[in-house]
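Coordinates in review
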Amino acid sequence: MAEKLTPREKNFSEWYVDVVLKSKLADYSDVKGCMVIRPNGYAVWENIQRGLDGMFKATGHKNAYFPLLIPESFLRKEAEHVEGFAPQLAVVTHAGGKKLEEPYVIRPTSETIINSMFARWIQSYRDLPMLLNQWANVIRWEMRTRLFLRTTEFLWQEGHTCHETDAEAEEETLRMLEVYRTFAEEWMAMPVLAGLKSDSERFAGAVRTYSIEAMMQDRKALQAGTSHNLGQNFARAFGTQFQGRDGQQHFVWQTSWGASTRLVGGLVMTHSDDAGLVLPPKLAPTHVVIVVIGKGEERGPVVAKAQAVAEDLRKAGLSVLVDDDESKGPGFKYFEYELAGVCLRMELGPKDLAKGACVLVRRDDRSKESVPLDQAVAVARAKLDAMQKALFERARAFRDANTFVVGSLEELKKRADDGFLVAQWCLAPACEARIKEETGGVTSRNRPFTLKQEPGSCVVCGNPSPGAWVWSKAY
RNA sequence: CGGGGAGUGGCUCAGCCUGGUAGAGCACUUGGUUCGGGACCAAGGGGUCGCAGGUUCGAAUCCUGUCUCCCCGACCA
């Protein structure tokens, strides 16, 4: 039931939890650090999957599925990889009532087990490129969890590809990052900065990691997708080789890239407000709810009309709910559907019917308009398109208004909670570490492609710097 | 893991200090009246008080342990 949410101003974290719980996206489970994704939340995830999966297929990838359990020895084959993931692993030591000869690790990511198969499947350059994707769950033991943003088990998609050359792998890495950028901006209406990650933020086992970074309403950054150029690191560890055009054996060049249910959290923190969930139409499970108004006998014709309009809207490709529940008043329902994040509310009552009209209310700005019924479908679609666009524009304006160029460590400290900070950095890990320490958690987010690289001097040490990076506190 | 807070019908919480066999509001069910921004009346159903020990004639209440969640830090998608 719709209790009041904690306002964002008062406590952003509590607001976030309130929205997720009360809009029934997810619930806590009895398993520590794990959540249950409820039908509302799963419907959003399914829409995300649909969108991304279509883009993966369009870029030549095929879906496959690899085991949840990975022999521990596989993880050990790539030194940096094990080291990076060791603290987060869940390990199965017993099965079938007996202690296992070799423990299994529950996958935190699948590079190793997939490479064990790539090594068997790839013989020749004619087998390349190999472009696979897997939709799966993974487990990473976390100290502190947050609904959708960081849970012990989460759902994601991990792409794994093999290429003949380094250049092709790099091209693929950037291509998939661009897929994420496009998806984030065009589907999620979430503006992002696509760019290079620093070495300290690089995926364990990768040569280079790229990310897309979004700004949430509390001005903190959310890494919303990553794409890695793995070079030949895993290929060497697993002997994934092919006979090249030159007749020689070569290790394949690989990439991997992933996006997770964290995106749902990003959606919430980007668009929602103190009344509840706001979802971009392209991902919203319900586009329109038709609230039937009226009492007793006057309801009959209204319900009939509502159903007819719903049918028309559905034919136009919209997802529609008709609410003719007589036991609740309309006002109550308005609050409920706003909380649930339905994009458009259509109010339909006897007065509207008399005029041959209905009232349409947009969730994001609550703008209200009386619309002739014969134009309802066209207007609804136009409003949804406008809403999709408006959400993106508003989020972008917010991000831009909270992005600052800073010229010194002092300024960086002062603005630590203000948003995205653009600062020159000499690339020395020590300077990066110092920023994190002195600012109470500001880290390098990435070096956006769109950020012009002009030489300057590092805000920490003053040494020459090749260009600026974006810094922020992050989820 | 450190600091702070909280676990009592589905939800929000009272009761705990000063032990005596569990209560309110909301939600839910049924019937009726309502319906353009959170309707009302009446009747009803629902809780081994997070879990496990202990003290006691008797524990929601006192003691010990443990689990979970929230907030703030350290690690991470």
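Read on for a plain summary of the structure.

Thresholds applied
- Residues numbered from 1 in each chain as written.
- Chains lettered and ligands numbered in written order.
- Predicted model: local features only at pLDDT ≥ 70, side-chain atom pairs only at ≥ 80, totals over all residues.
- Heavy atoms only, no water.
- Salt bridge = Lys/Arg side-chain N within 4 Å of Asp/Glu carboxyl O.
- Helix = DSSP H or I, 4+ residues; strand = E, 2+ residues; numbered from the N terminus.
- Buried < 20%, exposed > 50% of the residue type's maximum accessible area, 1.4 Å probe, protein only.
- Near = heavy atom within 4 Å.
- Polar contact = N/O pair within 3.5 Å; in protein donor to acceptor, adjacent residues only side chain to side chain.
- Nonpolar A, V, L, I, M, F, W, Y, C, P; charged D, E, K, R; others polar.
- Pairing = 2+ DSSP bridges.

1. Focus on the pattern of salt bridges
Inspection of the entire model under this criterion finds 32 salt bridges. Aspartate 53 is the partner of lysine 57 in a salt bridge, and the nearest nitrogen-oxygen pair spans 2.6 Å. Taken as a pair, lysine 57 and aspartate 53 lie in helix H2 (residues 39–58) at a separation of four residues, close to a single helical turn. Here aspartate 53 falls in the buried class, since its relative accessible area comes to 15%. Arginine 415 is the salt-bridge partner of aspartate 418, the closest N and O atoms lying 2.9 Å from each other.

2. So, the protein's contact with RNA strand B
Near RNA strand B lie 42 residues; those nearest to it are Arg150, Thr151, Arg262, Lys295 and Asp352. Near the protein, within 4 Å, the atoms of RNA strand B are sugar or phosphate in 39% of cases. Note that a sugar or linking oxygen of RNA strand B is positioned 3.2 Å from one of the side-chain N or O atoms of glutamate 142. Put simply, the parts of the chain that give the surface near RNA strand B at least two residues each are helix H1 (12–22), helix H10 (330–340), strand E17 (344–348) and helix H11 (350–355). Here the surface near RNA strand B gets six residues from one element, more than from any other, and that element is H10. Of the residues in the surface near RNA strand B, the class split is 15 nonpolar, 10 polar and 17 charged.

3. A word on unusual backbone geometry
Here the bond from leucine 128 into proline 129 is cis, since omega is -5 degrees, no more than 30 degrees from zero. Considering the arrangement of structural elements, one finds proline 129 in the loop between helix H5 (111–121) and strand E7 (130–139). Of note, the phi angle at phenylalanine 148 is positive, near 65 degrees, even though the residue is not glycine. Among the secondary structure elements, phenylalanine 148 is positioned in the loop between E7 and strand E8 (153–163). We note that alanine 189 has phi near 55 degrees; this positive angle belongs to a residue other than glycine.

4. Re the pairing of E7
Counting buried positions over the 10 residues of E7 gives nine, a clear majority of the element. Where strand E3 (residues 62–63) lies against E7, two bridges are found, and the strand directions are parallel. Counted as the bridge partner of asparagine 63 is asparagine 133 from E7.

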